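The lines below spell out each chain.
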Amino acid sequence: MIMRPRVRFAPSPTGHLHIGTARTALFNYLFARHEGGKFILRMEDTDLPRSRRQFEESICEDLRWLGLNWDEGPDLGGLFGPYRQSEREKLYQEETKRLLREGKAYYCFCTQEELERRRKEAFLAGKAPRYDRRCLNLSQEEKKKLLKEGKKAAVRFRIPAGKIKFKDLIKGWVEFNSEIFGDFIVLRSDGRPSYHLAVVVDDAKMAITHVIRGEDHLTNTVCHILLFQALGYPLPLFAHLPMILGEDGSKLSKRHGATSINEYRKQGYLPEAIVNYLALLGWSPKKKEVVNLNNLIEDFSLERVSKSPSIFNLSKLKWLNREHLKLKENKEILKLAFPYLIAEGIIKDKFNKKKMLQAIEAVKLNLELLSDVPSYVKIFFKEASLSKEVLGFLKNPNSIKVLEELKETLPAKEISFTEAKDFLRKFKEKFKNKGLTTRDVFLPIRIALTGESSGVELFYLISILGHDESLKRVERVLSQVREIK
Ligand code: GLU
């Protein structure tokens with residue numbers, strides 16, 4: 001029987017979905033889909049004070065937005081549920097009892113204050129601030145007495161001495177000496193599990209075959225392997241993804257700009273561009289760089305994941321967003337940019353859809369973000385007010401002649417983009433023998449129609465604004481020009 005991989009994405013719902021975490025989700029998803037396996041979503045909400053349902057919902061929403069749908073999870077259920085760690089506490093407590101019975105874990109009565117004080121002492125004495133195993137050496141009587149007195153006890157895992165060696169699917173062989181780790185807590189004194197215990201119990205009970213996560217978890221993996229072994233569970237395979245660094249080489253953080261998917265979404269990035277960019281953070285495609293989720297599923301393999309850190313480069317993400325926008329139909333861009341157009345007051349209850357689609361066509365290649373749409377298409381819907389200086393610039397015989405001529409010759413019927421191009425070419429010819437350059441002819445027209453000295457191609461303006469609107473704008477500008485002294 002072929003074992004289909006089962007991988008999991010296990011975020012802690014203590015904040016919004018982070019770029020790095022989203023990359024982990026994506027790589028798990030791609031691996032599962034490429035291999036025909038299952039992608040499982042598990043909420044690691046054991047840190048009760050910091051975990052919020054609102055963050056769980058936000059993470060799920062962002063994953064869906066990116067197109068990373070899961071097969072089992074808190075909302076969907078599945079054979080291995082529940083998928084929220086806060087709902088699995090009994091299981092962790094039972095497994096802890098087993099460790100205690102087998103002498104692989106022990107009660108620890110040390111208080112936070114005591115531990116803190118001893119950590120400081122160890123540090124000052126130049127020793128590693130590991131747990132000093134004080135409670136490991138308590139006699140049975142002492143333990144019984146303390147428990148009877150109702151003293152609160154956590155449970156610590158007793159780390160076996162020796163070397164731990166495992167083959168990481170990305171990094172190759174990794175070896176650690178277990179001595180560097182202190183006996184860590186598996187169950188807190190309030191009965192809640194530690195991250196280490198919950199992860200191991202869940203990965204085993206959920207039949208996870210591959211644990212794919214960031215390199216920052218490498219030392220945790222060592223603790224996990226020891227726990228897997230102590231609990232008699234089969235080991236999954238491990239793959240540690242390279243770190244994501246800012247352009248200055250330090251760990252990606254707020255200092256480098258937006259770090260949550262949510263922020264990029266609000267800024268007007270497309271999910272396709274984010275997914276494409278995240279895939280390039282540590283993985284190299286075989287062929288082209290601009291790819292969609294299906295291309296990625298087809299091509300993905302852990303062998304092509306890099307060992308060295310990836311640098312987060314915002315310009316590259318913007319470039320990809322531009323490329324993915326180019327691939328979109330105008331209708332789709334309109335749908336996606338709708339909230340921005342409403343917010344900027346370009347679209348009210350009723351709007352001219354045909355004109356809006358034409359405007360999008362005209363500005364499409366300039367767009368970097370969806371949120372750019374309003375500022376680019378604005379000129380087609382709103383007349384600009386021209387400053388005194390600009391009007392002064394237009395107040396010269398040549399510009400006025402050009403605008404007067406335009407007024408007289410603007411095609412009365414609707415014209416296509418090609419017809420508008422043709423019209424402008426012929427229009428320009430008329431001024432050639434009068435010694436006017438292309439710029440002398442086109443700049444006043446552009447300024448009269450938009451108030452700007454640069455922007456979309458003129459033929460788009462002539463065609464989309466149409467006869468009446470163009471005439472209105474030109475006449476208004478001409479009368480304003482005449483008024484100034
Ligand atoms: N909950 C952990 C985190 O958010 C992930 C743990 C894991 O992937 O094993 O960092």
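Here the structure is shown first, and the text comes after it.
About the cut-offs
Residues numbered from 1 in each chain as written. Predicted model: local features only at pLDDT ≥ 70, side-chain atom pairs only at ≥ 80, totals over all residues. Heavy atoms only, no water. Helix = DSSP H or I, 4+ residues; strand = E, 2+ residues; numbered from the N terminus. Rg over C-alpha atoms; globule rule 2.2 N^0.38 Å. Contact = heavy atoms within 4.5 Å. Lys, Arg positive; Asp, Glu negative; His and termini not counted. Charge placed at Lys NZ, Arg CZ, Asp CG, Glu CD. Buried < 20%, exposed > 50% of the residue type's maximum accessible area, 1.4 Å probe, protein only. Arc of directions from axis to C-beta. Polar contact = N/O pair within 3.5 Å; in protein donor to acceptor, adjacent residues only side chain to side chain. Pairing = 2+ DSSP bridges. Axes fitted to C-alpha atoms, helices over the stretch in contact; angles between N-to-C directions. 1 Å grid on protein atoms, 1.4 Å probe; cavity = no way out; pocket = protein on both sides within 12 Å on 5 of 7 lines; lining within 4 Å. Points joined across faces, edges and corners; volume = space filled by probe spheres on them. Parallel < 35°, antiparallel > 145°, perpendicular 65-115°, else oblique. Left-handed = near helix turned anticlockwise from the far one by under 90°.

1. Observations regarding the overall build of the chain
Point 1. Secondary structure assignment for the chain yields 19 helices and 11 strands.
Point 2. Computed over the C-alpha atoms, the radius of gyration of the chain is 32 Å, more than 25% above the 23 Å expected from 2.2 N^0.38 for a compact globule of 485 residues.
Point 3. Taken along the three principal axes of its C-alpha coordinates, the chain extends 110 × 55 × 40 Å.
Point 4. Looking at the chain alone, contacts between residues at least 24 apart form 75% of all its contacts between residues at least 6 apart.
Point 5. Averaging the coordinates of the 86 positive side-chain charges in the chain and doing the same for the 65 negative ones gives two points 1 Å apart.

2. Let's talk about helix α14 (residues 373–381)
Point 1. Along α14, the residues classified as buried are Val373, Pro374, Val377, Ile379 and Phe380.
Point 2. Buried residues along α14 sit against α12 (330–343), α13 (353–363), α18 (438–450) and α19 (458–483).

3. Structural notes on α13
Point 1. Lys355, Met356, Ala359, Ile360, Ala362 and Val363 are the residues of α13 that are buried. Projected down its long axis, α13 carries its buried residues within an arc of 160 degrees, all on one side.
Point 2. Along its buried surface, α13 packs onto α12, α14 and α19.
Point 3. In this structure Asn352 caps α13, since a side-chain oxygen of it lies 3.3 Å from the backbone nitrogen of Lys354.

4. Description of the pairing of strand β5 (residues 163–168)
Point 1. Here β5 shows one buried face, formed by Ile164, Phe166 and Asp168, and one open face, formed by Lys163, Lys165 and Lys167.
Point 2. Examined bridge by bridge, β5 and strand β6 (residues 172–177) share six bridges and lie antiparallel to one another. Within β6, the position partnered with Lys163 by the bridge is Asn177.
Point 3. Counted along the chain from β5 to the antiparallel partner β6, the turn is three residues long.

5. Let's talk about the side chain of Ser178
Point 1. Structurally, the position occupied by Ser178 is in the loop between β6 and β7 (185–187).
Point 2. When residues no more than four places from it in sequence are discounted, the contact partners of Ser178 are Ile159, Pro160, Ala161, Gly162, Ile164 and Leu226.

6. Examining the sheet that holds strand β3 (residues 105–108)
Point 1. Pairing is antiparallel across the open sheet formed by three strands, whose spatial order is β3-β4-β7. Single-partner strands in this sheet number two, and they are β3 and β7. With direction set aside, neighbouring strand axes in the sheet form an average angle of 45 degrees.
Point 2. Across two bridges, the pairing between strand β4 (residues 154–157) and β7 is antiparallel. Its bridge partner lying in β7, Val155 is registered against Leu187.

7. Details of the environment of Lys378
Point 1. You can see Lys378 is positioned in helix α14.
Point 2. The exposure class of Lys378 is partly exposed, given its relative accessible area of 40%.
Point 3. The spatial distance from the C-alpha of Lys378 to the C-alpha of Ala359 is 9.0 Å, given a sequence separation of 19 residues.

8. Examining the layout of surface pockets
Point 1. Estimates place the volume of the largest pocket at around 850 Å³.
Point 2. The wall of the largest pocket is formed by 33 residues, among which Ser12, Gly20, Thr21, Asp216 and His217 lie closest to the centre.
Point 3. Secondary-structure elements contributing two or more residues to the lining of the largest pocket are β1 (6–9), α1 (19–35), α6 (195–205) and β8 (210–214).
Point 4. Counting residues per element, the lining of the largest pocket draws most heavily on α1, which supplies five residues.
Point 5. Lining the second largest pocket are 24 residues, with Cys110, Gln112, Leu115, Arg156 and Ile185 sitting closest to its centre.

9. Focus on the packing of α13 against α14
Point 1. Two elements in contact, α13 and α14, have axes whose closest approach is 9 Å; the angle formed by their N-to-C orientations is 120 degrees. In this view, α13 runs oblique relative to α14, as classed from their interaxial angle. For the pair α13 and α14, the crossing hand works out as right-handed. In this structure, α13 uses Lys355, Met356, Ala359, Ile360, Ala362 and Val363 to contact α14, whose residues at the interface are Val373, Tyr376, Val377, Phe380 and Phe381.

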